[in-house]
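Okay, here's what each chain looks like letter by letter:
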Amino acid sequence: MKAQLPLPIMALLAVLAPPVGASTLVVRDKLGRRVEVGVPVKRAVLISLYELIPALDLWDRVVGINRWAFENTLLRRFRGRLKRIPPVGTGGDVNVEAIMALRPDLVITWVYKPQVVGFMEKRGLRVIAVYPESLQELYRDVRLCGRLFARRQRAKEVLSLMDGIFDLIRSRVSKIPQGKRRTVLWLWGKPTTVNGGIGVQHEVIRLIGGINPARHIRAKNVDVSLERILVWNPEVIFIWGSASYGPQDLIQSSQWAAVRAIREGRVYKAPPWSTWSPRLALMALWMAR
């Protein structure tokens, strides 16, 4: 007669045992770390990429979420489901103890504080750090989540819908002669913080047929002087949707009066949507119009 293991040990083995059909996915994250993840992931904390929850239908897989998700205009539409997911801080202020209490299989976070990623890893958490800096990287991260959560087909459908919108934009703007393409400047949290020649926003400016006058600066966020913006004299200005100022602040400023976009009334504040989600396609369509 075989000896039976004590019940507490048997219960622990049941928790640790991989589910039937599970396998291991090796991921190289944005910090260059090699992370092995058991898939499909059943319990995840999303400090980043949380707009993928409704896009890929991950409601039954997410056990913790970024506090800012409760202010997100998309996720607020699913208030009933969202309120069942506890907040775990933000990308810059992570509550590691709260995350550990949730016993997640995986934490997906930003790259803002690599030391926090390392701290979570030392506490036994499996962490992937992301930060899509191009359309290619955004597509890669959507596909990655499709693989992590066994939502490959849904991820493929979402990316196909995005492709359809991007292709529509490209087909329309391809008819604009090169000499008539407008210079387009993207402003961040401060009016003199512009998007340079890298990042999703720069790619979208190119996609919509615009010319980024700051394209020669190899930075995503860079502080420049107002004099430099006056020299660039952009014809269109977009303001980050979460900025604390809007078009009227620039239009009513005598310092900005000489900028062509101000004179001609082509200053727009973007919707407060994440640009690291499938809604980027809709933002690009809005910008193109």
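One can find the structure itself at the top, above this paragraph.
Predicted, not measured: the structure shown is a model, and the values here were computed from it.

### Things to note about the pattern of salt bridges
Once their charged atoms are close, side chains differing in charge can pair, the charge on each being opposite to the other. Scanning the entire structure with this criterion turns up 16 salt bridges. Arg 154 is the salt-bridge partner of Glu 157, the closest N and O atoms lying 3.3 Å from each other. Here Arg 154 and Glu 157 lie together in helix α7 (residues 152–173), a separation of three residues that amounts to about one turn. Taking relative accessible area as the criterion, Glu 157 reaches 36% and is therefore assigned partly exposed.

### Some details on the side chain of Asn 195
Looking at the secondary structure, you find Asn 195 in the loop between β8 (193–194) and α8 (200–207). On the basis of relative accessibility, which here comes to 0%, the residue Asn 195 falls in the buried class. At 3.2 Å, the side chain of Asn 195 and the side chain of Trp 188 are in polar contact. Discounting residues that sit within four places of it in the chain, Asn 195 has contacts with Trp 186, Trp 188, Gln 201, His 202, Asn 212, Ala 214, Ala 219 and Lys 220.

### Observations regarding the packing of helix α6 (residues 135–148) against α7
Running from amino to carboxyl end, α6 crosses α7 at an angle of 155 degrees, the nearest separation of the two axes being 7 Å. By the angle between their directions, the pair α6 and α7 is classed as roughly antiparallel. Viewed along their axes, α6 and α7 form a crossing whose handedness is right-handed. On α7, the residues touching Leu 135, Leu 138, Tyr 139, Val 142, Arg 143, Gly 146 and Arg 147 of α6 are Arg 152, Ala 155, Leu 159, Met 162, Asp 163 and Phe 166. Of the residues belonging to the contact of α6 with α7, the class tally is eight nonpolar, one polar and four charged.

Conventions we followed
- Residues numbered from 1 in each chain as written.
- Predicted model: local features only at pLDDT ≥ 70, side-chain atom pairs only at ≥ 80, totals over all residues.
- Heavy atoms only, no water.
- Salt bridge = Lys/Arg side-chain N within 4 Å of Asp/Glu carboxyl O.
- Helix = DSSP H or I, 4+ residues; strand = E, 2+ residues; numbered from the N terminus.
- Buried < 20%, exposed > 50% of the residue type's maximum accessible area, 1.4 Å probe, protein only.
- Polar contact = N/O pair within 3.5 Å; in protein donor to acceptor, adjacent residues only side chain to side chain.
- Contact = heavy atoms within 4.5 Å.
- Axes fitted to C-alpha atoms, helices over the stretch in contact; angles between N-to-C directions.
- Parallel < 35°, antiparallel > 145°, perpendicular 65-115°, else oblique.
- Left-handed = near helix turned anticlockwise from the far one by under 90°.
- Nonpolar A, V, L, I, M, F, W, Y, C, P; charged D, E, K, R; others polar.

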